[in-house]
Amino acid sequence: MIRHAIFLSAALTMAGCSGAPVANEQAATAPEAKPSYTGANLAGGSWEGVWGDAARSIDHFGRIGLRPGAYQQTAGGWRSEATPTALADPSGPAPVMAYFVASGDAKTLDKVAFTLVEPAMSNDQQARDQFEQWMKRALTELGVTGGDTAAKAIHGEKRLTGKLKGGADYAVTRETNAKERRLAVTFTRAAPISGEAQPKNG
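Cut-off values and rules
Residues numbered from 1 in each chain as written. Predicted model: local features only at pLDDT ≥ 70, side-chain atom pairs only at ≥ 80, totals over all residues. Heavy atoms only, no water. Core = buried A, V, L, I, M, F, W, Y, C linked by side-chain atoms within 4.5 Å. Buried < 20%, exposed > 50% of the residue type's maximum accessible area, 1.4 Å probe, protein only. Helix = DSSP H or I, 4+ residues; strand = E, 2+ residues; numbered from the N terminus. Contact = heavy atoms within 4.5 Å. Salt bridge = Lys/Arg side-chain N within 4 Å of Asp/Glu carboxyl O. Axes fitted to C-alpha atoms, helices over the stretch in contact; angles between N-to-C directions. Parallel < 35°, antiparallel > 145°, perpendicular 65-115°, else oblique. Left-handed = near helix turned anticlockwise from the far one by under 90°. Phe/Tyr/Trp six-rings, centres within 6.5 Å; stacked < 30°, edge-to-face > 60°.

A. Up close: the nonpolar core. Counting 38 residues, the largest nonpolar core has Trp47, Val50, Phe61, Phe100, Phe114, Phe131 and Phe187 as its most contacted members. When contributions to this core are tallied by element, the ones reaching two or more residues are helix H2 (48–51), helix H3 (54–63), strand S4 (97–104), strand S5 (109–119), helix H4 (125–142), helix H5 (147–154), strand S7 (168–176) and strand S8 (180–189). The dominant element in this core, judged by the number of residues it contributes, is H4, at seven residues. When residues no more than four places from it in sequence are discounted, the contact partners of Trp47 are Val112, Leu139, Val144, Thr145, Leu164, Lys165, Gly166, Gly167, Ala168 and Phe187.

And the structure:
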């Protein structure tokens, strides 16, 4: 228990230093103390500020400590996979891990996903709480909605899917197999309302 607390304390200290992605380093973020936390607001207060320019958003993700990988074309489209984040002692036999992925086309994003992966043998509530704080802080620093709503959906206090202000839909999904349990919180670009002007890109 003490070892876990020491690891989390070190992780939170590292989280205070934002910057460009660093290869093969594990990222971590400090918990969001209050819903009213005022972050960098890098996306300008709207999810369209995330979706509209993929390159700029990947840079923003790096600045808030998500440590995204290169945004590149794959068989399934364009995507960036962040360096995995350990939410428990990474030297343990089966650490709980968090993952972040952004995807879209060559110029814009249409989806970002935060995923918690727990080994089947794990039962680490602190790691689950840390995952929620990691996700919420990232969204707060971007300046977009959804962190509190997604956290409530995880706990059954909100619907598992829904719409958010600012141009995004959210979904909370779970998957369990013999090896691990996966909890994914996905935010996707909302379809434009009929008659609404489409934002211009480029």
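B. Here's a closer look at unusual backbone geometry. Residue Arg67 is not a glycine yet carries a positive backbone phi of 55°. Among the structural elements, Arg67 can be located in the loop between H3 and strand S1 (72–74). You can call Arg67 buried: its relative accessible area is 10%.

C. Summary view of the pattern of salt bridges. Counting across every chain of the model gives nine salt bridges. Of the charged contacts, one joins Asp169 and Lys163 as a salt bridge, the two residues approaching to 3.3 Å between their closest N and O atoms. Looking at Lys163, the relative accessible area reads 67%, which means it is exposed. Connected through shared salt-bridge partners, Glu118, Arg128 and Arg181 make up one network.

D. Quick look at the side chain of Asp169. Tracing the chain through its elements places Asp169 in strand S7. The exposure class of Asp169 is buried, given its relative accessible area of 18%. Each residue touching Asp169, except ones within four places of it in the same chain, is listed here: Gly162, Lys163, Thr186, Phe187, Thr188 and Ala190.

E. Representation of the packing of H4 against H5. The N-to-C vectors of H4 and H5 enclose an angle of 155°; their axes lie 8 Å apart at closest approach. It follows from the interaxial angle that H4 and H5 lie roughly antiparallel. Remark: the crossing between H4 and H5 carries right-handed chirality. Each of Glu132, Met135, Lys136 and Leu139 in H4 lies in contact with H5, whose residues at this interface are Gly147, Asp148, Ala150, Ala151 and Ile154.

F. Just the packing of aromatic side chains, in detail. Going through the model one piece at a time under the given rule, you end up with eight aromatic pairs. Here Trp47 and Phe187 contribute two aromatic rings whose centre-to-centre distance is 5.1 Å and whose plane-to-plane angle is 25°, an arrangement assigned as stacked. Of this pair, Trp47 sits in the loop between helix H1 (2–15) and H2 while Phe187 sits in strand S8; the two residues are 140 residues apart in sequence, bridging distant segments of the chain. With respect to burial, Trp47 and Phe187 carry one shared label: buried. When the centroid spacing of 6.3 Å and the interplanar angle of 85° are considered together, the rings of Phe114 and Phe187 count as edge-to-face. Highlighted residues: Phe114 in strand S5 and Phe187 in strand S8, separated in sequence by 73 residues. The two residues Phe114 and Phe187 agree in class, both being buried. An aromatic cluster is built from Trp47, Trp51, Phe61, Phe100, Phe114, Phe131, Trp134 and Phe187, whose rings are joined through pairwise contacts.

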